[in-house]
Amino acid sequence: MANTLSIAQRCAFAVQKDKPTLPAFPVPEGETEEDHLRNQSVGGLQDRLVRLGLSKEEEGKYYSRLDYELSIINKMGFPGYFLIVADFIQWARSQDIPVGPGRGSGAGSIVAWALTITDINPLEFGLLFERFLNPERVSMPDFDIDFCQDRREEVRSYIAQRYGEERVGMITTYGKIKGRTALQDAQRVLFHETFGQAAFGLMKSIKDVLPLDPNKKPESMRLLDAYNADSTFREKVNSDPMGPILCRMAGKIEGLVRNRGAHAAGAVIGNKALTEITPVQFDSGSGQNGFLVCDYNMKGVEGVGLVKFDLLGLVTLTIIHRAITYIDKMHGVKIDVQAIPRDDKGVFEMLSQGHSSAVFQFEGGGMRDCLMKVKPERLEDLIAIVALYRPGPMKYIPAYISGKEGVPYETPGGDRCKPILDETYGIMVYQEQVMAVAQEVAGYSLGSADLLRRAMGKKIASEMEKQKHTFIYGDTTSVPPIPGAIARGMTEEAAIQLFKDIEPFADYGFNKSHAAAYAWISYITAWLKFHYPAEFLSAQISYYDKAEKRAVVKDELDRLGVRMLPPDVNKSFAQFQPEFDGESFKGVAVRFGLAAVKGVTDENGAIRDLVAERDKNGEFKDLPDFMERIGHRSKSDQISGLVACGGFDSLWPVRSQAEEILMWLMKDRGLKERKKAASGDMFQAAGVDASVAIPARLQTISEWGNRADREFAAVGFYFGRHPLDRYLKRMIKGGVRRRASFIEWMKSNGRGRLNGRRLAVMVDDVKRAKSRNGTDYISATLSEKSDTYRANCFAAATVLASVMKTLEGAKTSRVPVVIEASITWDGESSSQVINAAWTASDFLEGVRGDLTIIVDTSQIPPDAALLMSAGEGDNLTQIGLKNIISRIEKALSPHSHESGSLIHIDASGAEEGQGETISLSGRYAVSNATEGAIRSMPGVIDIQDSLDLVD
């Protein structure tokens with residue numbers, strides 16, 4: 001041991017730091033990187049300006065800005081960086097790989113726009129280059145680039161091929177042990193000489209009350225911080241002698257590295273083999289041929305001179321690309337999203353009405369509410385909403401709305417700042433506005449104004465005091481000198497006040513370059529949804545992996561009048577697809593994708609094989625034909641899922657029979673029949689029937705009584721009638737309303753809470769849970785026809801047990817329930833607390849409309865007394881009908897009630913020419929028990945409630 005320690009003490013290693021170094025970009029002979037960047041930028045800008053059709057004077061502004069940016073880029077030594085990024089982005093575009101319009105502050109560069117790195121015109125939107133690359137704060141530029149999620153790896157492979165696989169790698173990410181995991185790990189191995197083994201139950205009780213870190217949700221607080229700050233956690237730890245020991249041991253491993261992995265987006269390019277710069281590993285599972293993975297994280301690779309490139313995957317780009325492909329396929333129209341009009345009134349009206357489901361960034365309920373209040377009329381409104389709808393600046397949304405509606409507003413800094421702030425009605429929404437105000441009022445260069453913005457954001461007291469003095473009085477030592485607000489004509493009092501006004505905005509201000517780029521993506525998705533709803537929503541829903549999110553799109557399709565067609569082995573593909581349909585809005589429906597059916601997957605290529613077989617040899621003729629051609633790739637659970645959702649309805653409409661037939665065909669007996677049919681091919685020309693003989697017993701099986709519930713389980717919603725539909729009018733009569741209507745009422749009336757409100761829901765999930773203080777409660781996921789939300793129940797044990805029983809039963813049997821709840825609205829979202837719950841049938845006890853009792857006298861069994869009392873020539877059918885009417889009246893007579901139901905008896909099942917409808921006198925309060933008694937009478941085949949007849 002001593003020798004080992006001695007050797008270890010003689011060893012030392014220090015990582016050699018290096019400045020950022022890029023590989024040389026290949027340029028034409030006789031050109032430098034600076035020359036090549038200028039040539040590429042000027043040519044690209046010319047192409048851009050041709051499309052704009054500007055005057056010579058206006059074009060001059062663009063070329064002046066280009067010259068300015070190029071001078072800074074060359075002076076700071078970054079032309080190679082721009083060329084490398086432009087090269088792989090231009091390659092991606094040439095391969096039809098979707099690339100985002102920009103992300104982060106890079107969208108403020110006109111050089112990036114000219115090189116097609118970005119697609120946002122920085123002069124049109126007033127974006128600043130210095131926010132991206134500041135000549136007064138030397139640091140590497142950092143373009144974050146969004147690519148199509150499905151094809152991003154192709155770009156990474158191109159970079160490796162371009163610069164050499166040995167020079168290109170990925171960044172490592174390290175997963176660290178968090179508080180809850182530390183407690184679990186420590187409990188497994190901890191044994192104390194006095195208290196023995198740490199109990200699992202103790203660990204779990206401590207872990208359950210460990211609070212979240214308010215600054216890092218959903219991460220938990222560090223154990224020591226939680227012990228000092230949270231009394232509930234501290235009491236739980238101290239409730240057992242082993243508690244402090246367990247937490248102390250867990251604290252020793254908290255924060256240590258637990259695992260490592262390759263960063264999904266971070267890539268590095270070296271000027272020599274990565275093995276000469278950093279330790280690496282080879283990850284064979286990444287990319288097309290595997291990638292080297294640096295053993296350093298993001299900060300580490302930068303420290304040894306490697307330059308990081310963020311290749312991000314944005315699924316919205318994939319969705320847009322797929323929607324455009326669908327539009328071309330369905331209508332022969334090729335959409336260029338860069339050429340779509342930016343002032344489409346229909347698009348803005350749709351958003352102003354809150355119909356923003358599936359629209360990028362605007363899907364949430366709070367954002368929809370914001371859209372309805374702001375009522376956007378231009379792209380700039382969407383940019384402002386993206387920037388304002390965040391904690392902090394959200395409080396300025398009412399002021400933005402007031403200004404937009406024409407209410408006069410004061411501009412910080414007075415008339416000199418109006419040109420800068422008028423676009424946002426006097427509010428400093430963007431960081432670029434803070435910089436522009438500092439430049440205009442105090443004479444800052446844009447580079448030094450960016451330093452001011454950063455200082456305000458970081459809230460370093462000493463730096464803030466220094467910047468305040470500079471803003472008001474100037475700084476002659478600065479390069480270039482800053483004259484200050486007083487020297488530029490503002491009074492000291494006004495300058496002090498303006499600096500105070502700027503401070504909160506500098507903290508809340510959003511990067512306008514990023515907001516503009518992402519608002520443009522949002523507008524593209526809104527435009528596609530408005531003009532081509534089926535094609536766009538087909539693409540969108542294909543990338544939703546949760547049934548609840550697909551159900552939201554289904555509701556939106558219902559609102560638009562676009563049909564969602566059920567899965568069909570003769571029509572469907574793996575993904576959702578648009579399909580011509582005369583009954584749908586704009587003549588196009590959405591066909592459900594097979595890969596979205598529960599239990600069905602394309603991982604083994606089964607769906608691809610199905611589609612390929614169908615394309616090659618035509619649609620499947622019947623169930624045996626399907627099994628003969630594709631059955632060898634099918635599994636029983638996949639078959640069951642497809643049957644449950646109607647995938648075989650076009651081949652065999654009775655689903656219970658279809659499942660049994662398919663299962664029979666998969667087994668030995670069915671295989672023999674299939675082989676027998678196949679061997680009979682030679683006789684078919686002679687007219688001999690060589691088809692599979694399906695046993696008669698399989699063709700007489702009754703249809704499932706829970707067909708709709710099986711459908712829901714397979715796809716997450718109902719293609720046909722929703723279970724709530726049949727109760728809808730009775731529910732309304734019983735005081736039930738939609739959650740959305742209660743929230744709308746609260747918004748309109750300025751109320752934050754409503755108590756005792758009744759909601760009719762389906763129970764998607766329900767479970768018992770414990771609060772941090774150990775109190776039992778119920779957490780449930782509930783859904784209305786076009787709304788899904790969570791609700792909790794905090795009540796006494798007996799009430800909790802009753803509610804849990806009702807909700808669990810409703811979840812299992814897929815029947816509606818009615819809950820009585822308190823609903824709270826905080827301006828952004830609602831919360832629901834359940835006070836009571838009933839099954840729909842219990843709640844609707846006595847809540848009925850007028851009833852029609854359907855009677856078929858042919859189903860009344862012979863009655864000896866009736867036969868003996870009948871005279872010669874008497875009509876036994878009429879006598880039987882009178883007997884039934886008499887029994888019904890007898891059952892109802894004790895329940896006469898002036899506000900009850902009218903009763904009609906439809907005897908259309910009587911002999912031809914004898915059918916009639918008889919109305920009983922009076923009204924009756926019909927209970928469930930009374931209705932059940934009438935239903936059980938011979939000859940009664942149905943009872944229809946007028947409130948159940950939904951249009």
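Here the structure is a predicted model, which means the values were calculated and not measured. Within each chain, residues carry numbers counting from 1 in the order of the written sequence. With the structure being a predicted model, the display of local features is reserved for residues of pLDDT at least 70 and the display and counting of side-chain atom pairs for 80 or more, all residues being used for whole-chain, interface and lining totals. No hydrogens and no water enter the side-chain calculation; it runs on all heavy atoms of the structure.

Caption draft 1: Layout of the environment of L22. Strands are runs of DSSP state E lasting at least 2 residues, helices are runs of H or I lasting at least 4, and numbering of each runs from the N terminus. Here L22 is to be found in the loop between α1 (2-10) and α2 (33-52). A C-alpha to C-alpha distance of 46 Å links L22 and A2, two positions 20 residues apart in sequence. The contact rule is simple, with two residues in contact once any of their heavy atoms fall within 4.5 Å. In this view, L22 contacts G80, Y81, I84, N271, V307 and F309; residues no more than four positions away in its chain are not counted.

Caption draft 2: Fine view of the packing of aromatic side chains. Under the pairing criterion, centres of Phe, Tyr and Trp rings, with the six-membered ring standing for Trp, must be within 6.5 Å; the plane angle then separates stacked pairs below 30 degrees from edge-to-face pairs above 60, leaving the rest tilted. Applying the stated rule across the entire model yields 28 aromatic pairs. When the ring of Y81 is compared with that of F309, the centres are 5.3 Å apart and the planes differ by 10°; the resulting orientation is stacked. Taken together, the positions of Y81 in helix α4 (residues 79-94) and F309 in strand β8 (residues 307-314) put the pair 228 residues apart, joining distant regions of the chain. Here's how the labels work: a residue is buried when its accessible area is under 20% of the maximum for its type, exposed when over 50%, partly exposed in between, all with a 1.4 Å probe on protein chains only. Residue classification places Y81 among the buried positions, given a relative accessible area of 0%. Judged by centre distance (4.6 Å) and plane angle (35°), the rings of F132 and F143 are tilted. Residue F132 is located in the loop between α5 (110-114) and β1 (144-148), and its partner F143 is located in the loop between α5 and β1; the two are separated by 11 residues in the primary sequence. Exposure remark for F143: the relative accessible area of 3% places this residue in the buried category. Taken together through their ring pairs, the aromatic side chains of Y81, F82, F88, F132, F143, F147 and F309 make up a single cluster. Whether a charge sits over a ring depends on NZ of Lys or CZ of Arg being within 6 Å of the ring centre and within 35 degrees of the ring normal. The residue whose ring lies beneath K329 is F573, and the NZ or CZ to ring-centre distance is 5.3 Å. Note that R614 overlies the ring of F573, its terminal NZ or CZ placed 5.0 Å from the centroid.

Caption draft 3: A look at the sheet that holds strand β11 (residues 588-591). Any two strands between which DSSP finds at least two bridges are classified as paired. Here 3 strands make up an open sheet; going across it, the order is β9-β11-β10 and the pairing mixed. Unpaired on one side and paired on the other, β9 (564-565) and β10 (577-580) mark the two borders of the sheet. Where β9 lies against β11, 2 bridges are found, and the strand directions are parallel. When the bridges of β11 are listed, M564 appears paired with V590. Axis angles are defined between N-to-C directions and span 0 to 180 degrees, where every axis is a line fitted to C-alpha atoms and, for a helix, only to the segment in contact. Sheet strands touched by helix α24 (residues 533-541): β9, β10 and β11. Its angle to β11, the strand with the most contacts, is close to 10°.

Caption draft 4: How the structure looks around helix α28 (residues 636-644). All buried positions along α28 are accounted for by Q638, I639, G641, L642, V643 and A644. In the core, the buried residues of α28 are packed alongside α27 (623-630), α29 (655-666) and α32 (707-715). Just downstream of α28, G646 is the residue with a positive phi angle, here 95°.

Caption draft 5: Looking closely at the pairing of strand β14 (residues 787-793). Alternating residues of β14 divide into D787, Y789, A791 and C793, all buried, and T788, R790 and N792, none buried. As paired elements, strand β13 (residues 776-784) and β14 share 7 bridges and run antiparallel to each other. Opposite I778, over in β14, you have C793 as the bridge partner.

Caption draft 6: Region of interest: the environment of L83. Locating L83 in the fold gives a position in helix α4. Residue L83 is classed as buried on the basis of its relative accessible area of 3%. If near-sequence neighbours (up to four positions away) are discounted, L83 is found in contact with F25, E33, H36 and L37.

Caption draft 7: Molecular detail of the nonpolar core. Ranked by internal contacts, the top residues of the largest apolar core, which has 139 residues, are F471, F626 and F648. The leading source of residues in this core is helix α23 (residues 512-531), at 12 residues. Residue contacts for F648: discarding those within four places in its chain leaves V569, L623, F626, I639, L642, V643 and L662. Counting residues in hydrophobic clusters, the runner-up holds 51 residues, among them L66, L83, I117 and M170. Grouping buried Ala, Val, Leu, Ile, Met, Phe, Trp, Tyr and Cys residues that are joined through side-chain atoms within 4.5 Å yields what is termed a nonpolar core.

Caption draft 8: Seen up close, the pattern of salt bridges. For this document, the term salt bridge refers to a Lys or Arg side-chain nitrogen within 4 Å of an Asp or Glu carboxyl oxygen. Within the structure shown, the criterion is met by 45 salt bridges. The partner of D119 in a salt bridge is R48, with the nearest N and O atoms 2.9 Å apart. Remark: R48 occurs in helix α2 and D119 occurs in the loop between α5 and β1; sequence separation between them is 71 residues. Residue E556 is joined to R559 by a salt bridge in which the shortest nitrogen-to-oxygen separation is 2.8 Å. One end of the pair is E556 and the other is R559, both in helix α25 (residues 547-560) and 3 residues apart, which spans about a single turn. Taking relative accessible area as the criterion, R559 reaches 38% and is therefore assigned partly exposed. Within this structure, D649, R655, E703, R707 and E711 form a network of salt bridges that share partners.

Caption draft 9: How the structure looks around the environment of E377. Inspection of the secondary structure assignment puts E377 in the loop between α15 (365-374) and α16 (379-388). Residue class for E377 comes out exposed when judged on its relative accessible area of 57%. Sequence spacing of E377 and K345 is 32 residues, and the spatial spacing of their C-alpha atoms is 7.3 Å. With residues up to four places along the chain from it excluded, the contact list for E377 reads F348 and K404.

Caption draft 10: How the structure looks around the UniProt feature "domain: DNA polymerase III alpha subunit finger" (unreviewed entry) in the protein. Summarizing the sequence annotation, UniProt attributes the feature "domain: DNA polymerase III alpha subunit finger" (unreviewed entry) to residues 316-474 in the numbering used throughout. Taken end to end, residues 316-474 has its terminal C-alpha atoms 47 Å apart, with 59% of it in helix and 0% in strand. UniProt positions are given in the numbering used here, feature names are shortened, and annotations may be inferred rather than shown by experiment.

Caption draft 11: Geometry of the packing of α24 against α25. At a closest axis distance of 10 Å, the pairing of α24 and α25 adopts a crossing angle of 175°. By the angle between their axes, α24 is roughly antiparallel relative to α25. Of the residues in α25, those in contact with P533, L537 and I541 of α24 are R550, V553, E556, L557 and L560. Any angle that is under 35 degrees is reported as roughly parallel, and any over 145 degrees as roughly antiparallel; angles of 65 to 115 degrees are reported as roughly perpendicular and all others as oblique.

Caption draft 12: Expanded view of the packing of α2 against α4. Following both chains from N to C, one finds α2 and α4 inclined at 50°, their axes separated by 9 Å at the closest point. Viewed along their axes, α2 and α4 adopt a mutual orientation that is oblique. The two elements α2 and α4 meet at a crossing, and its hand is left-handed. From α2, E33, E34, H36 and L37 reach across to α4, where they touch P79, G80, F82 and L83. Each residue belonging to the contact of α2 with α4 can be placed in one class, and the counts come to 4 nonpolar, 2 polar and 2 charged. A clockwise turn of the near helix away from the far one marks a right-handed crossing, whereas an anticlockwise turn of less than a right angle marks a left-handed crossing. Side-chain classes are defined by residue name, with Ala, Val, Leu, Ile, Met, Phe, Trp, Tyr, Cys and Pro counting as nonpolar, Asp, Glu, Lys and Arg as charged, and the others, Gly among them, as polar.

Caption draft 13: Geometry of helix α8 (residues 200-208). Residues of α8 that are buried include every one of L202, M203, I206 and K207, and no others. All buried residues of α8 project into a common sector of 130° when viewed along the axis, lining one side. Where α8 is buried, its residues contact α7 (179-189), α10 (231-238) and α11 (242-253). Note: the arc covers the axis-to-C-beta directions of the helix.

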